[in-house]
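Descriptive structure summary
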Amino acid sequence: MDRSEKMAIWFAVLLMVSFAGALVYAFFGLNIRFPGCVTDRTPFTKGKVIQRGVGEYEVQYVAKMWAFEPAELEIPVGSKVDIYLSSIDVNHGFQIKFTNVNLMAVPGAVNYAQITFDKPGDYPLVCHEYCGAGHQNMMGMIRVKPRESSLSGAVPESDIGIEQPKAEGQPAVSEASMALLNAKGCTACHSLDGTRMVGPSLKGVFGREEELEDGSKVTVDEAYILESIKNPMAKIVKGYPKVMVPMPMTEQEIKQLVEIVKGIR
Ligand code: CUA
């Protein structure tokens, strides 16, 4: 065998070993996991955003000709998002630009990926699998917002020389309260951290003055919270869709929820 041939073979072997090494390093060293199909989840037909905690979301994405649902998602920077993806018609692609999330939306199956958004900005969603006449228009958007303090241009607390307890990472409510909010479906549409979702955020809602659809104003007190739980359509805050339905719950649970909502600062 010619020397150059031997060199080529050894070079190829070396390359293969380094590629395999890179895979092992990515898995154990960088803790990168491959996105996968979730077999214990029933495929869903409606998009949904569930806030599990502060900065923790579960998003159930539905791909369909030719849109994603939810089409737009707004979350604060640093959020950890569990993405579940299904399709209600044909195969679609699902790529979040500027990230390594790249999934297939398959009818009858649920695929999964997890991502933490460390940088604020707009992350477009694109369908990268040809799915019919409207394929090139099939897009969505994830807006990752900077922390509120930097949004308003306020002086960071650390710069005014007063030691303030850090709000971030501190849950807005106790674990038991969060469990009840989740169980009753509240967190599917109402955030606890000021993020705009389907319904108004519950952050600091008690005592807030809200403008209603008809232009009148209401101050959020116990009676308003109670009414909004029992009869959500009665007084809709301006700019929000009329979609909330009363959830089955006991008087005791309603009382607890009113107290919880009052306490979300
Ligand atoms: Cu959906 Cu292309």
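Look a little higher up for the structure.
Here we summarise the structure given alongside this text. (Residues numbered from 1 in each chain as written. Predicted model: local features only at pLDDT ≥ 70, side-chain atom pairs only at ≥ 80, totals over all residues. Heavy atoms only, no water.)

1. Quick notes on the environment of Cys 37
Condition: Runs of H or I in DSSP of at least four residues are treated as helices and runs of E of at least two as strands, each being numbered from the N terminus. By definition, residues are in contact when any of their heavy atoms lie within 4.5 Å.
Within the element layout of this structure, Cys 37 appears in strand β1 (residues 36–38). Spatially, the C-alpha atom of Cys 37 lies 5.8 Å from that of Val 110, the residues being 73 residues apart in sequence. Setting aside residues no more than four positions away along its own chain, Cys 37 makes contact with Ala 109, Val 110 and Asn 111.

2. Things to note about the sheet that holds strand β11 (residues 139–145)
Heads up, the condition is: Pairing between two strands is assigned when DSSP locates at least 2 bridges connecting them. Each axis is a line fitted through C-alpha atoms, taken for helices only over the stretch in contact, and angles between the N-to-C directions span 0 to 180 degrees.
Taken in spatial order, the five strands line up as β5-β11-β10-β7-β8 in an open sheet, and their pairing is mixed. Either end of the sheet is taken by a strand with one partner, and the two such strands are β5 (72–76) and β8 (102–105). Pairs of neighbouring strands in the sheet enclose a mean axial angle of 20°, with direction left out of account. Note: strand β7 (residues 92–96) against β8, four bridges, orientation antiparallel. Bridging across to β8, Gln 95 finds its partner in Asn 102.

3. Structural notes on the packing of helix α5 (residues 222–230) against helix α6 (residues 251–263)
Inclusion rule: An angle counts as roughly parallel when it lies under 35 degrees, as roughly antiparallel when it exceeds 145, as roughly perpendicular when it falls between 65 and 115, and as oblique in every other case. Throughout, a crossing is termed right-handed when the near helix is turned clockwise from the far one, and left-handed when it is turned anticlockwise from it by less than a right angle. Note on residue categories: nonpolar means Ala, Val, Leu, Ile, Met, Phe, Trp, Tyr, Cys or Pro, charged means Asp, Glu, Lys or Arg, and polar means any other residue, Gly included.
Their axes nearest at 10 Å, the elements α5 and α6 cross at an angle of 130°. With respect to each other, α5 and α6 are oriented oblique. In this structure, the crossing between α5 and α6 has a hand that is right-handed. In this structure, α5 contributes Glu 222, Ile 225, Leu 226, Ile 229 and Lys 230 to the contact, and α6 contributes Glu 251, Ile 254, Leu 257, Val 258, Glu 259, Val 261 and Lys 262. Each residue belonging to the contact of α5 with α6 can be placed in one class, and the counts come to seven nonpolar, no polar and five charged.

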